[in-house]
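Each chain, letter by letter, is given below.
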Amino acid sequence: MPEAIRILISSCLLGEKVRYDGGHKREGYLVETLGRYVEWVPVCPEVDCGLPTPREAMRLVGSPSAPRLVTSKGGVDHTDRMEQWARKKLEELEAANLCGYICKKDSPSSGMERVKVYPDSGIPAKVGAGVFTRAFMDRFPLIPVEEEGRLNDPVLREMFVERVFTLRRFRDLLARGKTRGGLVAFHTDHKLLLLAHDRKRYTEMGRLVAAAKELAPSVLYDRYQDLLMEALSTRPTAKKNADVLLHMMGHFKKMLSADEKQELLEVITRYREALIPLVVPVTLVAHYVRKYRVSYLDRQLFLNPHPVELMLRNHV
């Protein structure tokens, strides 16, 4: 059986009362919807490193590239405590086989970006990252990281979940052994999904797979994984998705009746014009793929990169 999809998450987002004021920031979508398909690995850097709840609020102070973690009023510096704990925690997380991390925005310990950094004098600037999250991203650069605030953007939410599920599939491939044939099959299944994100890297990955016999499996897989996560980090657009849908249509264009062809073109056009959500043309294409038994398209993850119950393609 495939391994569980494990995602590191700030404990307060699950409803745990670990914030400095003794409260939480429970996110219903994460707990009630996404939580049905993943295994959460909770973390609260401030509590886990030994600080109490409630506690004095903290902030980042000093240089944006290496700020100190200091209490807001008393000026107590907890940087060394946090960094020492973080080193041990990251070692522990090596064995967790994480596929993602959702952190708390604006947190001096957990924020991903645009965390306020207070200079020795002057106005604070939103240029920092939380002490623990910065260390996590340095240690695990290929693992998708997002803040709960950015996940309110439907495109960013789908991108994050898509990367998480794709990384899990790639890890499952690795578990079966680094064979060239396995990578060719994986790439074939993901071709159109990659094309919807980044045509340049899609082409580069195709060349890499075509030259698979010339590379050692370890080099081949490492380079492919880098490109895979880079490609899926590129924001898709309605135009890119529509182009992929039209490309798919070309595989069974001669099988469609005149009415079916016209209907599909109209639906794709309406999607491109932001009149209907992506789920509508994708559902219609999937119907024709099954109806006309187009095996190459039937295996394309573009049609179902994540559970439909997450409703990630239902927005306009």
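Here the structure is a predicted model, which means the values were calculated and not measured.

Trainee: Looking at this structure, I do not really get the overall build of the chain. What am I missing?
Mentor: Each helix and strand in the chain was counted, giving twelve helices and eight strands. When its C-alpha atoms are laid out on the principal axes, the chain stretches across 75 × 45 × 40 Å. Contacts in the chain between residues at least 24 apart in sequence constitute 68% of all its contacts with a sequence separation of at least 6. For the chain, the exposed surface amounts to about 15400 Å²; the carbon and sulfur share of it is 51%. Charge-centre separation for the chain: the mean point of 50 positive side chains lies 3 Å from the mean point of 41 negative side chains.

Trainee: Can you walk me through the nonpolar core in this structure?
Mentor: Soluble globular proteins tend to pack their nonpolar side chains together in the buried interior. Judged by nonpolar contacts, the single largest core of 69 residues is most densely connected at Ile102, Tyr224 and Phe302. Tallying contributions element by element places helix α8 (residues 217-232) first for this core, with eight residues. Setting aside anything within four residues of it in sequence, one finds Phe302 in contact with Leu192, Leu193, Ala196, Asn241, Val244, Leu245, Met248, Val282 and Arg313.

Trainee: Whenever I open this one, the sheet that holds strand β8 (residues 145-147) confuses me. Can you help?
Mentor: Each strand in a sheet pairs with its neighbour through backbone hydrogen bonds, running either in the same direction (parallel) or in the opposite one (antiparallel). Reading across from one edge, β2-β1-β5-β8 is the order of the four strands in this open sheet, with parallel pairing throughout. Looking at the sheet topology across the chains shown, the edges are occupied by β2 (39-43) and β8. Taken pair by pair, the neighbouring strands of this sheet meet at an average axis angle of 25°, ignoring direction. Two elements, strand β5 (residues 100-103) and β8, share three bridges in a ladder whose sense is parallel. Note on β8: the bridge partner recorded for Tyr101 is Val145. Of the strands in this sheet, β1 (6-10), β2, β5 and β8 are in contact with helix α4 (residues 131-139), which crosses β5 at around 165°.

Trainee: What am I meant to see in the pairing of β1 here?
Mentor: Strand residues, when the strand is regular, have side chains that alternate between the two faces of the sheet. Most of β1 sits inside the fold, with four of its five residues counted as buried. Read as a crossover between parallel neighbours, the route from β1 over helix α1 (residues 28-33) to β2 is right-handed.

Trainee: Please clarify how the environment of Arg163 should be interpreted in this entry.
Mentor: Along the polypeptide, Arg163 turns up in helix α5 (residues 154-175). Distance from Arg163 to Ala231, taken between C-alpha atoms, is 9.7 Å for residues 68 residues apart in sequence. When near neighbours in sequence (up to four residues on either side) are disregarded, Arg163 contacts Pro144, Glu146, Met229, Leu232 and Ser233.

Trainee: In this structure, what is going on with the sheet that holds strand β3 (residues 58-61)? I would like to understand it.
Mentor: Spatial strand order, β4-β3-β6-β7: four strands in an open sheet with mixed pairing. Looking at strand neighbours, the two that pair on one side only are β4 (68-71) and β7 (125-128), the edges of this open sheet. The average undirected angle you get between the axes of adjacent strands in this sheet is 60°. Relative to β4, β3 runs antiparallel, the two sharing four bridges. When the sheet's bridge partners are listed, Val61 is paired in β4 with Arg68.

Trainee: Can you walk me through the side chain of Ser11 in this structure?
Mentor: Mapped onto the elements, Ser11 comes out in the loop between β1 and α1. When near neighbours in sequence (up to four residues on either side) are disregarded, Ser11 contacts Glu16, Val18, Pro42, Val43 and Cys44.

Trainee: Would you explain the side chain of Gln225 in this entry?
Mentor: Among the secondary structure elements, Gln225 is positioned in helix α8. Looking at Gln225, the relative accessible area reads 13%, which means it is buried. Contacts of Gln225, omitting those with residues within four sequence positions, involve Leu142, Leu167 and Phe170.

Rules of the game
- Residues numbered from 1 in each chain as written.
- Predicted model: local features only at pLDDT ≥ 70, side-chain atom pairs only at ≥ 80, totals over all residues.
- Heavy atoms only, no water.
- Helix = DSSP H or I, 4+ residues; strand = E, 2+ residues; numbered from the N terminus.
- Contact = heavy atoms within 4.5 Å.
- Areas by Shrake-Rupley, 256 points an atom, 1.4 Å probe, with all protein chains shown as cover.
- Lys, Arg positive; Asp, Glu negative; His and termini not counted.
- Charge placed at Lys NZ, Arg CZ, Asp CG, Glu CD.
- Core = buried A, V, L, I, M, F, W, Y, C linked by side-chain atoms within 4.5 Å.
- Buried < 20%, exposed > 50% of the residue type's maximum accessible area, 1.4 Å probe, protein only.
- Pairing = 2+ DSSP bridges.
- Axes fitted to C-alpha atoms, helices over the stretch in contact; angles between N-to-C directions.
- Right-handed = clockwise from strand over helix to strand, strands pointing away.

Shape is all these values report; function is a separate question.
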